[in-house]
Amino acid sequence: MTLQMMPENRTPAADTAPEVALAAPEAPVLRWERIAPERYRALRGDECVGFVDVVGTVFVVLAGSRYDRAEEIAQTLDFDRVTELLEDSSA
């Protein structure tokens, strides 16, 4: 039986260990609830992150968990932008 010598900084286990890539956990997607004829609530999981008032063709974006205390953060014509704004404000 012959013994093989390994360099000091190298072990057999290091040669066979698979590389592990850690991924960031995915943030839950916003869910929308209609709470009035022209008002929506944005929820992430069970947490309210904001509201959207629809005024004609304009979306008024409010960040906060309570409508009476939510702050207007933007007005936009693009609903995709609404989602981006609320995701950024609650991050």
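In this report, we go over the structure that sits alongside the text. (Residues numbered from 1 in each chain as written. Predicted model: local features only at pLDDT ≥ 70, side-chain atom pairs only at ≥ 80, totals over all residues. Heavy atoms only, no water.)

## Describing the overall build of the protein
Here is the rule we go by: Put simply, DSSP marks the helices as runs of H or I at least four residues long and the strands as runs of E at least two long, and each gets a number from the N terminus on. Each residue is assigned to one of three classes by its accessible area relative to the maximum for its type, calculated with a 1.4 Å probe on protein chains only: buried under 20%, partly exposed between the two thresholds, exposed over 50%. Surface accessibility in these figures is a Shrake-Rupley result with a 1.4 Å probe; residues are shielded only by whichever protein chains are displayed.
A tally of regular secondary structure across the protein gives two helices and five strands. By residue count, 25% of the 91 residues in the protein fall in the buried class. Taken as a whole, the protein presents about 7300 Å² of accessible surface, with 52% of it coming from carbon and sulfur.

## Thoughts on the nonpolar core
This is how the line gets drawn: For our purposes a nonpolar core is just a set of buried Ala, Val, Leu, Ile, Met, Phe, Trp, Tyr and Cys residues, chained together by side-chain atoms within 4.5 Å. Throughout, a residue-residue contact means that at least one pair of heavy atoms, one from each residue, lies within 4.5 Å.
Grouped together as the largest cluster of nonpolar side chains are twelve residues: L30, A42, V49, V52, V54, F59, V61, A63, A74, V82, L85 and L86. Taken together, the elements giving at least two residues each to this core come down to strand 3 (47-55), strand 4 (58-63) and helix 2 (79-90). In contact with A63, other than residues within four places in its own chain, are V49, G50, A70, E71, I73, L86 and S89. Of all hydrophobic cores here, the second largest spans five residues; its members include L43, C48, L62 and A70.

## A closer look at the environment of T83
Inspection of the secondary structure assignment puts T83 in helix 2. With 22 residues separating them along the chain, T83 and V61 place their C-alpha atoms 9.2 Å apart. Setting aside its immediate chain neighbours within four residues, T83 contacts L30 and W32.

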